[in-house]
Amino acid sequence: MELSIRNVRKDFGATPALHEVSLDIRSGELIALLGPSGSGKTTLLRLIAGLEAPSAGTVFFGEDDASRRSVQERQVGFVFQHYALFRHMTVLENIGFGLSVRPRAQRPARAEIRRRAEELLDLVQLSGLGQRYPAQLSGGQRQRVALARALAIEPRVLLLDEPFGALDAQVRKDLRRWLREIHDRTGHTTVFVTHDQEEALELADRVVVMSQGRIEQVGTPDEVYDRPAVPFVHRFIGESSQVPVRIADGQLWLDDRALGLPASGSGEAVLFFRPHQVEVLSGCGGCLAGTVTGSRRLAGTRRLELELGGGRHRVEIDVPIEHPAATRSQISFRPRTWRVYPAAGDGSAAPAATPAPEPEQTAIEPLALYSIR
Ligand code: ADP
Ligand code: MG
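What counts as what
Residues numbered from 1 in each chain as written. Chains lettered and ligands numbered in written order. Predicted model: local features only at pLDDT ≥ 70, side-chain atom pairs only at ≥ 80, totals over all residues. Heavy atoms only, no water. Near = heavy atom within 4 Å. Polar contact = N/O pair within 3.5 Å; in protein donor to acceptor, adjacent residues only side chain to side chain. Areas by Shrake-Rupley, 256 points an atom, 1.4 Å probe, with all protein chains shown as cover. Helix = DSSP H or I, 4+ residues; strand = E, 2+ residues; numbered from the N terminus. Axes fitted to C-alpha atoms, helices over the stretch in contact; angles between N-to-C directions. Parallel < 35°, antiparallel > 145°, perpendicular 65-115°, else oblique. Left-handed = near helix turned anticlockwise from the far one by under 90°. Contact = heavy atoms within 4.5 Å. Buried < 20%, exposed > 50% of the residue type's maximum accessible area, 1.4 Å probe, protein only. Pairing = 2+ DSSP bridges.

Per an unreviewed UniProt entry, the protein goes by Sulfate transport system ATP-binding protein and derives from Stappia indica.

What follows is the structure, encoded as structure tokens:
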């Protein structure tokens, strides 16, 4: 089932929880809604489910305007973080519940319900646990039962709201891979809410990055990580360092130092790069230079904190473990990959640059003026 969310707004009191959100979800796609707490992810999911009505705009299931359809008619399957199983029912009864409460005309026979529940129990790899009660299961097992229960009604769309949010890190990671496998086998159109960028990047076909009730970018995991459309996405996904810069004479400048990074246009801008995507230089004609103020071990590398521009800016870069990096020593470096965005503030201050076209543009292409690998 493909979904189309068109110009949907949702008000709760004065400030909208969603502003004019539009999104197309393809049939069979696993899409992640990713954003910080309060960004509107759950609200968007509830609007798709029919648990909330939009203040404006329309949700389409295929060609069908879903506005007048009830939750049941939409035939959506849910798993929520704390959507508890029925405690007094066995695992199999829980899974079969959605079918057993259907109106008589649509209700399968008891034996058929049981057969389907057993089949789903196999799918979620809990065969043999059908007679247990929820209290006799681990947290991860319970969420797998919850998924089997959601799948039992043969949903047209599967909606998962932070389903692994309450589980510990290792279980979350295992379930993430497991969910991806189940999805690849069953092919349900799935909308998965998370505030965990690692989870979204690993699991989803496409990631919808949300902030303050707006969609900031929609793209594949590679697109949102490698070509963030706006500074928010750069900061929210992966690690970022940023430095205010100026564009002049075809390159970037920090104060009166040329950085050796080409750019088109002119005016104030912000340079973003990722700590692991830099090269350390031994002296240079054009580069960033900083003073080491801190150093810590990060798995296979050393993370340095640097002050730039006489202490006005702080950035982080990764260097090899064996790098001496004494405190207060000077380091020259240049990002290997970077993005430049117009300086924040009133639009008129943004550089009047013509962005160099990139080979592949994401759906909502940036304010980014220039990017290079
Ligand atoms: P997320 O799931 O991304 O954390 P939500 O969709 O739950 O965000 O919330 C988005 C915004 O809408 C928040 O500011 C939240 O306080 C507000 N909100 C959500 N549901 C309600 C409600 N039923 N009544 C009032 N405000 C709400
Ligand atoms: Mg939420």
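After that view of the structure, there is still more to cover.
(A) Representation of the site of ligand 1. In the vicinity of ligand 1, the contacting residues are Phe12, Ala17, Pro36, Ser37, Gly38, Ser39, Gly40, Lys41, Thr42 and Thr43. A distance of 2.7 Å separates an oxygen atom of ligand 1 from a polar backbone atom of Gly38. Lys41 has a polar side-chain atom sitting 2.8 Å from an oxygen atom of ligand 1. Relative to its unbound accessible surface of 560 Å², ligand 1 loses 54% to contact with the protein. Among the elements that line the shell around ligand 1, the one with the most residues is helix α1 (residues 41-49), at three residues.

(B) Inspection of the packing of helix α4 (residues 110-123) against helix α5 (residues 139-152) at higher detail. It is at 9 Å that the axes of α4 and α5 come closest, and there the two elements cross at 135°. Classed by the angle they form, the pair α4 and α5 counts as oblique. The crossing of α4 and α5 is right-handed. Of the residues in α5, those in contact with Arg116, Leu120 and Leu123 of α4 are Ala148, Leu151 and Ala152.

(C) Summary view of unusual backbone geometry. Here the phi dihedral of Glu154 falls at roughly 50°; this positive angle occurs in a residue that is not glycine. Mapped onto the secondary structure, Glu154 falls in the loop between α5 and β7 (157-161). A positive phi angle is found at Glu162, which is not glycine, with a value near 45°. Of note, Glu162 is situated in the loop between β7 and α6 (169-186). Glu162 gets classed as buried once you look at its relative accessible area, which sits at 13%.

(D) Geometry of the pairing of strand β16 (residues 288-298). Two elements, β16 and strand β19 (residues 330-335), share four bridges in a ladder whose sense is antiparallel. Its bridge partner being in β19, Ala289 is matched across the sheet by Ser332. Two elements, β16 and strand β17 (residues 301-308), share seven bridges in a ladder whose sense is antiparallel. Bridge pairing links Val292 to Leu306 in β17.

(E) Summary view of the sheet that holds strand β5 (residues 64-65). Taken in spatial order, the four strands make up an open sheet running β2-β1-β4-β5, and their pairing is antiparallel. In this open sheet, the two strands that pair with only one neighbour each are β2 (16-25) and β5. Where strand β1 (residues 3-11) meets β2, six bridges bridge the pair, whose relative direction is antiparallel. Opposite Leu3, over in β2, you have Ile25 as the bridge partner. Contacts between α1 and the sheet are confined to β1, β2 and β4 (56-61), with β1 contributing the most and set at about 120° to the helix.

(F) Quick look at α1. Summarising burial for α1: seven of the nine residues are buried, a large majority. Taken together, the buried positions of α1 are occupied by Lys41, Thr43, Leu44, Leu45, Leu47, Ile48 and Ala49. Phi for Gly50, located one or two positions after α1, is positive at around 95°.

(G) Layout of the packing of helix α3 (residues 91-100) against α4. Interhelical geometry of α3 versus α4 gives an angle of 125° and a closest axis separation of 9 Å. One finds that α3 runs oblique with respect to α4. Once α3 is placed against α4, the crossing between them reads as right-handed. Of α4, the residues touching α3 (which contributes Val91, Leu92, Ile95, Gly96, Leu99 and Ser100) are Ile113, Arg114, Arg116, Ala117, Glu118, Leu120 and Leu121.

(H) Here's a closer look at the environment of Val193. Position of Val193 among the secondary structure elements: in strand β8 (residues 189-194). Remark: the alpha-carbon pair of Val193 and Leu34, spanning 159 residues in sequence, is separated by 6.2 Å. With residues up to four places along the chain from it excluded, the contact list for Val193 reads Leu33, Lys41, Leu45, Leu160, Asp161, Glu162 and Pro163.

(I) Examining the sheet that holds strand β3 (residues 30-34) more closely. The six strands lie next to each other as β6-β7-β8-β3-β9-β10, forming an open sheet whose pairing is mixed. If you trace the sheet from one side to the other, it starts and ends with β6 (76-80) and β10 (214-219), each paired once. The mean angle between the axes of side-by-side strands here comes to 15°, regardless of whether they run parallel or antiparallel. Pairing geometry for β6 and β7, over five bridges, is parallel. When the bridges of β7 are listed, Val79 appears paired with Leu160. Set on the sheet, α1 makes contact with β3, β6, β7, β8 and β9 (206-211); between it and β7 the angle comes to about 155°. In the packing of α5 onto the sheet, contacts are made with β6 and β7, and the angle to β6 comes to roughly 170°.

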